[in-house]
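Close look at the chain arrangement
Listed below, chain by chain, are the residues.
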Amino acid sequence: MSRTVIVTGGSRGLGLAITRALLEAGYAVATCSRHPGDDLPPLLAAYPDRLFWQQADIGVAASSQAFIDGAVQRFGAPWALINNAGIAREGILATLPLVEVDDLIQTNLTGAIQVARAALRHMLSRPGGGRIINISSIIGQRGYTGLAAYAATKAGLDGLTRALAREVGRRRITVNSVAPGYLDTEMSGTLSGGQREQIVRRTPLGRLGTADDVVPAILFLLGDGAHFITGQTLTIDGGITC
Amino acid sequence: MTDTNTMLDLITQETARILAEKGEAALPVTADTAFLDGPLPFDSLDLATLIVALEGITGKDPFRAGFRQFNTAGELAALYAAA
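In this report, we go over the structure that sits alongside the text. Since the model is a prediction, treat every value here as computed from it, not as a measurement.

Topic: the overall build of chain B
The number of helices and strands found in chain B is three helices and zero strands. For chain B, the N- to C-terminal ordering of α and β elements is α-α-α. Counting only C-alpha atoms, chain B reaches 30 × 25 × 20 Å along its principal axes. The proportion of buried residues among the 83 residues of chain B is 41%.

Quick notes on the overall build of chain A
Looking only at helices and strands, one finds eight helices and seven strands in chain A. For a compact globule of 242 residues, the expected C-alpha radius of gyration is about 18 Å, and chain A comes in at 17 Å, within 12% of that figure. Each principal axis of the C-alpha distribution contributes one length, and for chain A these read about 50 × 35 × 35 Å. Sorting the 242 residues of chain A into buried and exposed places 51% on the buried side. Pairs at least 24 apart in sequence give 69% of the contacts found in chain A among residues at least 6 apart. When the accessible surface of chain A is summed, it comes to about 10,900 Å², and 54% of that surface belongs to carbon and sulfur atoms. The positive charge centre, built from 22 side chains, and the negative charge centre, built from 19, are 9 Å apart in chain A.

A look at empty space enclosed by the protein
Within this structure, the stated rule accounts for one cavity of 30 Å³ or more. As a volume, the largest cavity reaches approximately 50 Å³.

Quick notes on the pairing of strand E6 (residues 173–180) of chain A
All names here are of chain A. Where burial is concerned, most of E6 is hidden: eight out of the eight residues are buried. With six bridges joining them, strand E5 (residues 130–135) and E6 adopt parallel strand pairing. Among the inter-strand pairings, Ile132 is bridged to a residue of E6, identified as Val175. For E6 and strand E7 (residues 233–236), the ladder comprises four bridges, and the chain directions are parallel.

A short note on the packing of aromatic side chains
Considering all chains together, one arrives at seven aromatic pairs over all chains under this definition. In this structure an aromatic cluster arises from ring pairing among Phe35(B), Phe42(B), Phe63(B), Phe67(B), Phe70(B) and Tyr80(B).

A closer look at the nonpolar core
Residues and elements named next belong to chain A. Core analysis: the largest hydrophobic core is formed by 32 residues, its most contacted members being Phe67, Ile132 and Leu164. Within the residue set of this core, elements represented by two or more residues are strand E2 (28–33), helix H3 (61–75), helix H4 (98–123), helix H6 (148–168) and E6. Looking at which element gives the most residues to this core, the answer is H4, with eight residues. If sequence neighbours within four positions are ignored, Leu164 has contacts with Ala116, Leu120, Ile132 and Val175. Leu43, Trp79, Val214 and Leu221 belong to the second largest nonpolar core, which has 30 residues in total.

Brief notes about the environment of Leu8(B)
All names here are of chain B. Position of Leu8 among the secondary structure elements: in helix H1 (residues 4–21). A relative accessible area of 16% means that Leu8 is categorised as buried. The spatial distance from the C-alpha of Leu8 to the C-alpha of Ala34 is 13 Å, given a sequence separation of 26 residues. Setting aside its immediate chain neighbours within four residues, Leu8 contacts Thr30, Ala31, Ala73, Gly74 and Ala77.

Overview of the packing of H3(A) against H4(A)
Residues and elements named next belong to chain A. Taken N-terminus to C-terminus, the directions of H3 and H4 make an angle of 30°; their axes are 9 Å apart at the nearest point. Classed by the angle they form, the pair H3 and H4 counts as roughly parallel. You can see that H3 and H4 cross each other, and the crossing is right-handed. Within the contact between the two elements, H3 uses Ala61, Ser64, Gln65, Ile68 and Val72 and H4 uses Gln114, Val115, Ala118, Ala119 and His122. Each residue belonging to the contact of H3 with H4 can be placed in one class, and the counts come to six nonpolar, four polar and no charged.

What about the interface of chain A and chain B?
Contacts between the two partners involve seven residues from chain A, matched on the other side by nine residues from chain B. Interface of chain A and chain B: buried area, both sides summed, is about 780 Å²; carbon and sulfur atoms make up 50% of it. The three residues of chain A that bury the most area against chain B are Arg121(A), Arg170(A) and Arg171(A), which together make up 64% of that side's buried surface. For the pair chain A and chain B, the interface holds three salt bridges. Between Arg121(A) and Glu55(B) there is a salt bridge, with the nearest N and O atoms lying 2.3 Å from each other. On inspection of chain A and its partner chain B, the count reaches five residue pairs in polar contact (both at pLDDT 80 or more). Each residue belonging to the side of chain A that touches chain B can be placed in one class, and the counts come to three nonpolar, no polar and four charged.

Criteria and thresholds
- Residues numbered from 1 in each chain as written.
- Chains lettered and ligands numbered in written order.
- Predicted model: local features only at pLDDT ≥ 70, side-chain atom pairs only at ≥ 80, totals over all residues.
- Heavy atoms only, no water.
- Helix = DSSP H or I, 4+ residues; strand = E, 2+ residues; numbered from the N terminus.
- Buried < 20%, exposed > 50% of the residue type's maximum accessible area, 1.4 Å probe, protein only.
- Rg over C-alpha atoms; globule rule 2.2 N^0.38 Å.
- Contact = heavy atoms within 4.5 Å.
- Areas by Shrake-Rupley, 256 points an atom, 1.4 Å probe, with all protein chains shown as cover.
- Lys, Arg positive; Asp, Glu negative; His and termini not counted.
- Charge placed at Lys NZ, Arg CZ, Asp CG, Glu CD.
- 1 Å grid on protein atoms, 1.4 Å probe; cavity = no way out; pocket = protein on both sides within 12 Å on 5 of 7 lines; lining within 4 Å.
- Points joined across faces, edges and corners; volume = space filled by probe spheres on them.
- Pairing = 2+ DSSP bridges.
- Phe/Tyr/Trp six-rings, centres within 6.5 Å; stacked < 30°, edge-to-face > 60°.
- Core = buried A, V, L, I, M, F, W, Y, C linked by side-chain atoms within 4.5 Å.
- Axes fitted to C-alpha atoms, helices over the stretch in contact; angles between N-to-C directions.
- Parallel < 35°, antiparallel > 145°, perpendicular 65-115°, else oblique.
- Left-handed = near helix turned anticlockwise from the far one by under 90°.
- Nonpolar A, V, L, I, M, F, W, Y, C, P; charged D, E, K, R; others polar.
- Buried area = accessible area lost by both parts, 1.4 Å probe.
- Salt bridge = Lys/Arg side-chain N within 4 Å of Asp/Glu carboxyl O.
- Polar contact = N/O pair within 3.5 Å; in protein donor to acceptor, adjacent residues only side chain to side chain.

Taken by themselves, the reported measurements are silent on function.
Here it is in structure tokens:
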């Protein structure tokens, strides 16, 4: 029987790439998003036995709980959770509307904690260990003008990673963060041409990243070879933070 | 309505299951048995696992509104019986 991985926000961008790669690697995947988008339905048709999708807003506790319940009902207790769902809101903090700040924290941080809590309640009952991977960001490590609140949520995820790794390690559940750099996805669409050029210039490997640059790290951390790695943040940014 | 004795039986059963999954020998659990700092080879994560299991079986969550102090199996059984 396939190991089950829960992936939040699997309908587009990095989450979609992770979902696709996990299916190709033989995992069963339970994912959620606010909308199925255009790319998930073909995957649902291609993998009807190993892919489950449910509409959910991770920023709403009842919604994320219903998703975890649905995933467990379909596949049983999960082997792993990938906390990927997130939103980006850009703006100078002094003028960023508080409702935007609340949305960021509720989805990127509180939502991730709630999903981890809900998933862990099932993972603890499943012998054999497990994996939790939080998708954070180099923005949480280094900051970026206009992304103060976003950076706070991503730094918070790295804190969650370190504390939870200590808490559940004795059950052989590892908890790690993967921190992508600037990815060429929809979430980076708000970068101006000048900002993109500056990022590329400062990146030793000379380009923005792609989802495909990050996915192999996820597969590695899920694999048996990573069973002694926990509480770490793996940065994948073409070297911009080195 | 679940009475305290029924809950104590359930707690005893689930505690034995958790200990078995850890590879530990089953120990007798009575109403006076403390979960932590007592004879049971139980840690805080085992206790959390027990609480989650009890909630799954009974559908009750006596901690929904916040943590309530308990130390022994009997005290935990009473919390579920009253929930």
